[in-house]
Amino acid sequence: MLSKRIIPCLDIKDGRVVKGVKFLKLRDAGDPVEVAKIYDAQGADELVFLDITASFEKRKTLVVLVEKIAKNIFMPFTVGGGIGDISDIRDILNAGAEKVSLNTQAVKCPELISDASARFGSQCIVVAIDAKKQKDCWEVFINGGRTPTGIDALEWARKAAKLGAGEILLTSMDTDGTKDGYDLELTKALTSCVPIPVIASGGAGKLEDFYNVFASAGADAALAASLFHYQEYSIKQVKEYLKQKGIAIRL
Amino acid sequence: MIAVIDYGMGNIHSVAKALQASGAEVLVTNKPEDIKKSDKLVLPGVGAFSDAMVELKKFNLLPAIKDSAAKKPLLGICLGMQLLFDKSQEAENQPGLSILSGDVVKFSSKLKLKVPHMGWNNLKVKAAQCPLLKGITDQDQVYFCHSYYPVPKESGTTAACAEYGLEFAAVVWKNNLYGAQFHPEKSQTVGLKIIRNFVELC
């Protein structure tokens, strides 16, 4: 049976792991390769690396980091942040990443999704959506949550799937950093409108939060960062809890 | 020496690293003469079927691969496994290598499943005597990331299945030919066990 996935996310800035609370305050939580090894040993199902400086600063160092990670761990990982074109995608996949995650550039240039999925296959193209609740919809934000777009998140997810995205990484800007639980309403709305897997992100604080996002919101994977980085829970603890609650989990 | 065929499609280095971690001498190459010299062959692959065949032809690798497939252990991974078959729904006008007989098809939308099939799923071992599956049980999970799967013409070719809406061939095996629809190089300890089994083949 296909298992639900638990995915630690490492935000990378200047080659180090950081986690922004609501995308603003940054704290240092260590060397990416060392953190990746710990999560590998704890039984993480995948890893996500988001280079949060990449959109604005030069990012050749990211490829070097990806190579270093791939040399040290034998598990799937996704790399995102500032990916601009097909050659960036090729560099990162060739360096050993399983998937790339597209955000700002996919919104600005949706053909990047179709071009990339035609070239490399849908299975390695993740579209990341940062969404924030507005009066009557969820709005897509780009540039690391700084720029509103006026685009409806559900419509954008449907379009991205149609263009060839293989997965959606959905971050709720309303719950991110709060530790009050995933945004179940948004996640449920989105999982039921696309035919591709959805990773829920933003707000994990307790064990039940993981259960709820799988059992009530239909997520295929749940992503968390600071919860794992600061060892409030280990991945193993989360997975054992979910298994005992009857969720399909790999232990 | 194990030749890992590099035809410009994605995740070559993870495969090479995993083979090296099992003690193999590895050469990542796109040269026919290296393939001929090798003792074993790995055909990895991330990407689209049609592009992959175009690239293999561009580097003039088809004769060397087919020749090796007749006598040496060969392991196709994910797309690399699909390429061993006759054709794929992903590329109606671009036939595969026809080293194994059968077609590659897409998970039907009628199954009402999320496609790609992405994540960790159990193997159901059908041929426990398959050398690639030594030490592998139905409890073991491996990492899948694909929208298409092979349907071998000879049912005996399927050494292990996985279930996603239906049972599909996750490991194929015929004489010296092996294929894995999942990514052993990304499947942590279970995957490395499978890689080691391939490395230890005579």
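Treat the numbers as computed from the prediction; the structure is a model and nothing was measured.

A. Geometry of the overall build of chain A. Helix and strand counts for chain A stand at 10 helices and 11 strands. Along the first, second and third principal axes, the C-alpha atoms of chain A reach 45 × 45 × 40 Å. By sequence separation, contacts in chain A at least 24 residues apart represent 66% of the contacts at least 6 residues apart. Looking at chain A as shown, the accessible area adds up to about 9,800 Å², and 51% of this sits on carbon and sulfur atoms.

B. Quick look at the pattern of salt bridges. Enumeration according to the criterion identifies 21 salt bridges over all chains in this entry. The salt bridge involving arginine 119 of chain A is made with aspartate 51 of chain B; its shortest N-O contact spans 4.0 Å. Taken as a pair, arginine 119 of chain A in helix α5 (residues 111-120) and aspartate 51 of chain B in helix α3 (residues 49-58) lie in two separate chains rather than in one. With a shortest N-O distance of 2.8 Å, lysine 124 of chain B and glutamate 163 of chain B are connected by a salt bridge. Here the residue lysine 124 of chain B occupies a position in strand β8 (residues 124-125), and glutamate 163 of chain B occupies one in strand β11 (residues 158-163), the gap between them amounting to 39 residues. Linked through salt bridges whose partners overlap, the residues forming this network are Arg5, Glu46, Lys99 and Glu167 of chain A.

C. Local environment of the pairing of strand β10 (residues 198-201) of chain A. Residue and element names in this part refer to chain A. Residues Val198 and Ala200 line one face of β10 and the alternating positions Ile199 and Ser201 line the opposite face, and both faces are buried. In this structure, strand β9 (residues 167-172) lies alongside β10, joined through 4 bridges in parallel fashion. Residue leucine 169 lies in a different strand from β10, and its bridge partner there is isoleucine 199. Once you follow β9 into helix α7 (residues 184-191) and on to β10, the crossover reads as right-handed. Pairing between β10 and strand β11 (residues 221-224): 3 bridges, direction parallel. Looking at β11, one finds that isoleucine 199 is bridged to alanine 221. Read from β10 through helix α8 (residues 207-215) to β11, the crossover connection turns out right-handed.

D. Summary view of the interface of chain B and chain A. Each partner contributes residues to the interface: chain B has 34 residues there, and chain A has 37 residues. With both chains or domains summed, chain B and chain A bury close to 2,900 Å², and 51% of this area falls on carbon and sulfur atoms. Of all residues in chain B, Lys114, Met118 and Gln188 of chain B give up the largest surface area on contact with chain A, accounting jointly for 24% of the area buried on that side. Scanning the region where chain B abuts chain A turns up 21 residue pairs in polar contact (both at pLDDT 80 or more).

E. Inspection of the pairing of strand β5 (residues 99-102) of chain A at higher detail. All names here are of chain A. Alternating residues of β5 divide into Lys99 and Ser101 and Val100 and Leu102, and every residue in both groups is buried. Two elements, strand β4 (residues 77-80) and β5, share 3 bridges in a ladder whose sense is parallel. Within the sheet, the bridge partner assigned to valine 79 lies in β5 and is valine 100. Considered for its hand, the β-α-β crossover made up of β4, helix α3 (residues 86-94) and β5 is right-handed.

Conventions used here
- Residues numbered from 1 in each chain as written.
- Chains lettered and ligands numbered in written order.
- Predicted model: local features only at pLDDT ≥ 70, side-chain atom pairs only at ≥ 80, totals over all residues.
- Heavy atoms only, no water.
- Helix = DSSP H or I, 4+ residues; strand = E, 2+ residues; numbered from the N terminus.
- Contact = heavy atoms within 4.5 Å.
- Areas by Shrake-Rupley, 256 points an atom, 1.4 Å probe, with all protein chains shown as cover.
- Salt bridge = Lys/Arg side-chain N within 4 Å of Asp/Glu carboxyl O.
- Buried < 20%, exposed > 50% of the residue type's maximum accessible area, 1.4 Å probe, protein only.
- Pairing = 2+ DSSP bridges.
- Right-handed = clockwise from strand over helix to strand, strands pointing away.
- Buried area = accessible area lost by both parts, 1.4 Å probe.
- Polar contact = N/O pair within 3.5 Å; in protein donor to acceptor, adjacent residues only side chain to side chain.

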